[in-house]
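Chain residues, written in single-letter form:
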Amino acid sequence: MAHNTVDTTGTLAKTPVTLLGLGAMGGALARTWLAAGHPLTVWNRTAARAEPFAAGGATVAAGPAEAVAANRLVVVCLLDDASVDASLDGVDLTGKDLVNLVTGTPGQARARAEWARERGARYLDGGVMAVPPMIGVPEAGPYVLYSGSRELFEEHRAVLAVPAGTTYVGEDAGFAALHDVALLSAMYGMFAGVAHAFALIRGESVAPGGFAPLLSAWINAMAGSVARTAEQLESGDYTRGVVSSLAMQVAGTPTFLRTAEEQGVSTELIAPYFDLMKRRLAEGGGEEDLTGVVDLLRR
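Residues numbered from 1 in each chain as written. Predicted model: local features only at pLDDT ≥ 70, side-chain atom pairs only at ≥ 80, totals over all residues. Heavy atoms only, no water.

**Q** In this structure, what is going on with the overall build of the protein? I would like to understand it.
**A** In terms of helices and strands, the protein carries twelve helices and eight strands. Compactness check: the protein gives a C-alpha radius of gyration of 24 Å against a globular reference of 19 Å for 299 residues, more than 25% above the reference. Expressed along its principal axes, the backbone C-alpha trace of the protein runs to roughly 75 × 45 × 35 Å. When the 299 residues of the protein are sorted by exposure, 39% land in the buried category. Within the protein, residue pairs in contact and separated by at least 24 positions form 57% of the contacts whose partners lie at least 6 positions apart. Accessible area for the protein stands at about 15,800 Å²; split by element, carbon and sulfur atoms hold 58% of it. Computed over 22 positive and 32 negative side-chain charges, the inter-centroid distance for the protein is 1 Å. (Helix = DSSP H or I, 4+ residues; strand = E, 2+ residues; numbered from the N terminus. Rg over C-alpha atoms; globule rule 2.2 N^0.38 Å. Buried < 20%, exposed > 50% of the residue type's maximum accessible area, 1.4 Å probe, protein only. Contact = heavy atoms within 4.5 Å. Areas by Shrake-Rupley, 256 points an atom, 1.4 Å probe, with all protein chains shown as cover. Lys, Arg positive; Asp, Glu negative; His and termini not counted. Charge placed at Lys NZ, Arg CZ, Asp CG, Glu CD.)

What follows is the structure, encoded as C-alpha cells:
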C-alpha cells in the first residue's frame, strides 16, 4: 500500500517526498514531483539552488537532518557515494525509506544497503536511465532501475513512477547499479563502433549525413543478436543458431585492419576485440558464435 494520507476534506493526498540534492537530475525530479502535486521537502548543500523550488511550493530544510525528519520517503540524488556519507552522517534514519539515486558501483550499493539497515531504514538503490531533460516526459522513455527492498518498492512505486518509469531488478541492492553500468558499457561500445565507422569515411567525399541512416539501420538490425547471445549463454551451447562462425569472422578481420590503414584510421577501437576473437579461435571455438568472448573477459 502506498503511504498516502487523507486531508481534512477527505481527499486522498499525494505521498510527501524528501529530496536531498538539487543538481541537474535532482532539480528535474523536484520539478516533476511538484508539478504532480506531491508535498516536497528539499535540501541542497548550496542553498541558493533551492530558492526556485521554494517559489514552486517546496519546503526548504535548513539541513539534511531536518529534511529527513520531514517525511518517511527520502530520495537521495547527490554527487557521489562520499556525498551521501557526508550529508547523512549522524542523521536519524530510523523508520525511513531511503531511495538512493546516486550513481555508484554494485559494491557501493550493497554496502550502502547494509549501512541503511544498521540505521533502521529500508533501502532501495536506483540507476537512472535518462538524462535530466527526459525526466517527467514519458514519451522520451525515461526509466529508473531499482533494487533492494521489494516492500519499499511496491509501497512507493506510484510516487517513484511520477518522474520516470520504474523497473525492479531484484532484492540484491547491487543489481540496479550492475544493470546500469552493463547497459551503459554496451552503449559506449556502440559509440566506439560508430566513431570508427565515421572515421573511415571522414576523408572521403561521403557525407556523414548521408551515411548516418545506413549506419543507424545496420546497428538496429544487428541488435537482434543480443537475444541469441543470451540464449547461448544460458544454454552453454555457443554453436546454437550460428549464422557466421567465429572462424569465418576471424578470417575476415585483416580486411578491416587493412581498410583502416588505407584510410589513415587508427585500429585502437577495434583491434582489441579482434584479438579476443583470435584467442577464442585458438582455443578451439571456431564453430561458435562470438559469445565465447564473454568468457575470455571473465578470466
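**Q** Even after reading the chapter, I still don't get the sheet that holds strand S7 (residues 143–148), so can you show me in this structure?
**A** Picture the strands of a sheet paired through backbone hydrogen bonds; they go either parallel or antiparallel. The eight strands lie next to each other as S3-S2-S1-S4-S5-S6-S7-S8, forming an open sheet whose pairing is mixed. Both edges of this open sheet fall to strand S3 (59–60) and strand S8 (165–168), since each of them pairs with a single strand only. Of the pairings in the sheet, the one linking strand S1 (residues 17–20) to strand S2 (residues 40–43) comprises four bridges and is parallel in character. Across the sheet, residue Val-17 finds its bridge partner in S2, namely Leu-40. Contacting S1, S2, strand S4 (73–76) and strand S6 (122–129), helix H1 (residues 24–35) runs over the sheet at an angle of about 160° to S1. On the sheet, helix H6 (residues 150–160) packs against S1, S4, strand S5 (97–100), S6, S7 and S8 and is oriented at approximately 50° with respect to S6. (Pairing = 2+ DSSP bridges. Axes fitted to C-alpha atoms, helices over the stretch in contact; angles between N-to-C directions.)

**Q** Looking at this model, I keep getting lost on the pattern of salt bridges. Mind explaining?
**A** Oppositely charged side chains can pair when the atoms bearing their charge come close. In total, this model carries 16 salt bridges according to the counting rule given. Between Arg-157 and Glu-154 there is a salt bridge whose closest N-O contact spans 3.2 Å. Placement of both Arg-157 and Glu-154 in helix H6 is noted, with a separation of three residues, approximately one turn of the helix. Residue classification places Arg-157 among the partly exposed positions, given a relative accessible area of 37%. Salt bridges sharing common partners tie together Arg-72, Asp-97, Arg-122 and Glu-155. (Salt bridge = Lys/Arg side-chain N within 4 Å of Asp/Glu carboxyl O.)

**Q** Would you take a moment to explain the packing of aromatic side chains for this structure?
**A** The relation between two aromatic rings is expressed through the spacing of the ring centres and the mutual angle of the planes. Taken as a whole and judged by the stated rule, the model has five aromatic pairs. With 5.8 Å between their ring centres and 50° between their planes, Phe-256 and Phe-274 make a pair best called tilted. With Phe-256 in helix H10 (residues 246–263) and Phe-274 in helix H11 (residues 271–282), this pair connects stretches of sequence that are 18 residues apart. One aromatic cluster in this structure is built from Tyr-146, Phe-153 and Tyr-168. Its end group placed over the ring of Trp-115, Arg-112 keeps NZ or CZ at 4.5 Å from the ring centre. (Phe/Tyr/Trp six-rings, centres within 6.5 Å; stacked < 30°, edge-to-face > 60°. Lys NZ or Arg CZ within 6 Å of the ring centre and 35° of its normal.)

**Q** When you look at the confidence of the model for the protein in this model, what are you seeing that I'm missing?
**A** The predicted coordinates of low-pLDDT regions are not to be read in fine detail. Averaged over every residue, the pLDDT of the protein is 95; residues scoring 70 or more account for 96%. In this model, residues 1–12 is a region of pLDDT below 50 whose contacts with residues beyond four sequence positions or in other chains number 16 contacts. (pLDDT = per-residue confidence, 0-100.)

**Q** What is the right way to look at the environment of Val-17 in this model?
**A** Counting through the fold element by element, Val-17 comes out in strand S1. For Val-17, a relative accessible area of 0% translates into the label buried.

**Q** I tried to follow the packing of H10 against H11 on my own but got confused; where do I start?
**A** How two helices pack is summed up by the angle between their axes together with the distance between the axes. Relative to each other, H10 and H11 sit at 145°, their axes nearing to 10 Å. The hand of the H10/H11 crossing is left-handed. Between H10 and H11, the contacting residues are Leu-246, Ala-247, Gln-249, Val-250, Thr-253, Phe-256 and Leu-257 on the first element and Phe-274, Met-277, Lys-278, Arg-280 and Leu-281 on the second. Classifying every residue of the contact of H10 with H11 gives eight nonpolar, two polar and two charged. (Left-handed = near helix turned anticlockwise from the far one by under 90°. Nonpolar A, V, L, I, M, F, W, Y, C, P; charged D, E, K, R; others polar.)

**Q** Would you explain the nonpolar core in this entry?
**A** Burial of nonpolar side chains together is a common tendency in soluble globular proteins. In terms of nonpolar packing, the biggest core is built from 31 residues, with Leu-19, Leu-40, Val-99 and Tyr-146 touching the most fellow members. Put simply, the parts of the chain that give this core at least two residues each are S1, H1, S2, S4, S6, S7 and H6. If you tally residues by element for this core, the top one is H1, at six residues. Not counting residues within four places of it along the chain, the set of residues in contact with Val-99 comprises Leu-73, Val-74, Val-75, Val-76, Leu-124, Tyr-146, Leu-152 and Leu-160. (Core = buried A, V, L, I, M, F, W, Y, C linked by side-chain atoms within 4.5 Å.)

**Q** How should a nonpolar patch on the surface be read in this particular structure?
**A** A cluster of nonpolar side chains, Leu-184, Tyr-188, Met-190 and Phe-191, forms an exposed patch at the surface whose accessible area comes to about 390 Å². Here Phe-191 is to be found in helix H7 (residues 175–201). Taking the relative accessible area as the measure of exposure, Phe-191 reaches 41% and is therefore partly exposed. (Patch = residues over 30% accessible without salt bridge, like charges linked within 9 Å, V, L, I, M, F, W, Y side chains within 5 Å.)

**Q** Looking at this structure, I do not really get helix H4 (residues 81–88). What am I missing?
**A** Within an α-helix, residues lying three or four positions from one another point in the same direction, as the helix has 3.6 residues per turn. Looking only at H4, the buried set comprises Asp-81, Ser-83, Val-84, Ser-87 and Leu-88. All buried residues of H4 fall inside an arc of 155° around its axis, so they share one side. For H4, the exposed residues lying more than 90 degrees away from the buried face are Ala-82 and Ala-86. On the buried face of H4, the contacting elements are S1, S2, helix H3 (64–70), S4, S5 and helix H5 (106–118). Just downstream of H4, Gly-90 is the residue with a positive phi angle, here 80°. (Arc of directions from axis to C-beta.)

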